[in-house]
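Chains, contacts and geometry: an overview
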Amino acid sequence: MSDQADSVGPEVDAEDFAAILATTRDYIRTVVMPREREIADADAVPDDIRAGLAEMGMFGYAIPQQWGGLGLDLTQDVELAMEFGYTSLAMRSLFGTNNGIAGQVLVNFGTDEQKAEWLERIASGEVIASFALTEDGAGSNPAGLATRAVRDGDDWVIDGTKRFITNAPVADLFVVFARTRPADAGGPGIAVFLVPADAAGVTVGPKDRKMGQEGAPTSEVDFSGVRVPASSLVGGDEDAGYRAAMTSLARGRVHIAAVAVGSARRALDESLAHAATTTQGGTAVGDFQLVQAMIADQQVGVMAGQALVREVAAKYVSGEDRRIAPSVAKLFCTEMAGKVADLAVQIHGGTGYMRGVVVERIYRDIRLLRLYEGTSEIQRLIIGGGLMRGATREATAR
Ligand SMILES: Cc1cc2nc3c(=O)[nH]c(=O)nc-3n(C[C@H](O)[C@H](O)[C@H](O)COP(=O)(O)OP(=O)(O)OC[C@H]3O[C@@H](n4cnc5c(N)ncnc54)[C@H](O)[C@@H]3O)c2cc1C
């Protein structure tokens, strides 16, 4: 199946998109950035910021206009994502699952009835949707998932436990992946269901205590005998789940790469400001050539990441590469951002190790980007495996 949001062409022309980008950038710089400490300390994004983001259409910028979103394509998404990455990643996470991994399952695989029921409310921010795939023993390899869905008359009954689910504590809807049968010649046997958070048998665990990204809650979610009508099966297709997960994740990887570039840019800017204003023995820290070398390495990473993200997003939208290139972007940009943030702490000296200092938060926040939506190892497997399969096909065709 094609990726609907990116196949119909951009629904917003360049001029209108420039205005959206400028407004978003201004909101982030003037409203969100001054409150980064507040978000971290409260471990929550304040309600007025949530409302402001909803008003700007941020809960549905990647959802087609037909379903109430802004209808931006992935080349536009990455430009916004580079802005999101510039501030607390909790802000992005609040609407990230609606536009990304959860929302795209509905956009690309839902029936018209399912889209009509949910997408407008997701796009407006009235509903927060969570993507519930990972389980103990089924993270990097979702084929190992043990959550089961059993058909019972007109209903499905779901049993299983998901973990590390972003936005679970604030979710209204879970997009839940479950096995309906063992994998066989007919397909992987993984379906995906739309489960309202208030359905009987759904229990959301306490908020996880994480290394970073305060304000972006995750938790375990238990589904115990959860009964949903047959109309909750996404696409009405028992085998759509695996493909839906892979499609959503591939698109999400380009977005995460862009978020990483934005965070790296912020770490660089913080490093420049610090190096220009802090002295050692009367000399500005930024006058030391070894510090300049670190700044140069940061700049090289940021510029390379930005160029790569833009190229990969364009290839995704044109349909040229929706599998290997997204992994290339995610692997390079998230690893790059990790190095840039590490250098930022180094440039700040002991100050960089102190809670409340921006680069200390960035250092912790972006560690996650190398783990979720496919670890760096999984990206390497996709890239290397994909290239080798192509080479083998060519060699045997000769
Ligand atoms: C804060 C946070 C938010 C998250 N949000 C969500 C969410 O909203 N929804 C959701 O479904 N999931 C979510 N996840 C889960 C996340 O996607 C997984 O944690 C991630 O995919 C890794 O899976 P795992 O934790 O089971 O680690 P494992 O898969 O056990 O990985 C452990 C190590 O083994 C390596 N490894 C695994 N398989 C291979 C292999 N075949 N070859 C080589 N190396 C391998 C990994 O790269 C890693 O280094 C979230 C996780 C976190 C921490």
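Quick notes on the rules
Residues numbered from 1 in each chain as written. Predicted model: local features only at pLDDT ≥ 70, side-chain atom pairs only at ≥ 80, totals over all residues. Heavy atoms only, no water. Helix = DSSP H or I, 4+ residues; strand = E, 2+ residues; numbered from the N terminus. Buried < 20%, exposed > 50% of the residue type's maximum accessible area, 1.4 Å probe, protein only. Contact = heavy atoms within 4.5 Å. Areas by Shrake-Rupley, 256 points an atom, 1.4 Å probe, with all protein chains shown as cover. Pairing = 2+ DSSP bridges. UniProt positions renumbered as here; feature names shortened; annotations may be inferred. Core = buried A, V, L, I, M, F, W, Y, C linked by side-chain atoms within 4.5 Å. Domains from an automatic or database assignment.

With that out of the way, let us pick up the overall build of the chain. If you tally the helices and strands in the chain, you get 13 helices and nine strands. For the C-alpha atoms alone, the extent of the chain along its principal axes is close to 80 × 60 × 45 Å. Counting the 398 residues in the chain, one finds 55% classified as buried. For the chain, contacts bridging at least 24 residues in sequence account for 76% of all contacts bridging at least 6. In the structure as shown, the chain presents an accessible area of about 16,800 Å², 54% of it carried by carbon and sulfur atoms.

Moving on, we get to the pairing of strand 7 (residues 218-229). Pairing of strand 3 (residues 155-166) with strand 7 involves nine bridges; the strand directions are antiparallel. Of the residues in strand 7, the one forming a bridge with Asp155 is Pro229. Pairing of strand 6 (residues 202-204) with strand 7 involves three bridges; the strand directions are antiparallel. The partner of Thr203 across the bridge, within strand 7, is Asp222.

Quick look at the UniProt feature "domain: Acyl-CoA dehydrogenase/oxidase N-terminal" (unreviewed entry) in the chain now. According to UniProt, the feature "domain: Acyl-CoA dehydrogenase/oxidase N-terminal" (unreviewed entry) maps to residues 16-126 in the numbering used here. Note that residues 16-126 is 69% helix and 0% strand, and that its end C-alpha atoms are spaced 25 Å apart.

Right, let's talk about the nonpolar core for a bit. Met58, Leu80 and Phe84 are the most contacted members of the largest nonpolar core, which has 70 residues in total. Secondary structure elements with two or more residues in this core: helix 2 (14-32), helix 4 (47-55), helix 5 (74-84), helix 6 (89-99), helix 9 (240-277), helix 10 (289-318), helix 11 (324-348) and helix 12 (358-365). Looking at this core, you find at least three residues from each of domain 1 (4-127) and domain 3 (243-397). Filtering out sequence-adjacent residues up to four positions away, Met58 remains in contact with Ile20, Thr24, Leu53, Leu70, Leu80, Phe84, Phe95 and Asn99. Of all hydrophobic cores here, the second largest spans 29 residues; its members include Phe109, Leu119, Val127 and Val192.

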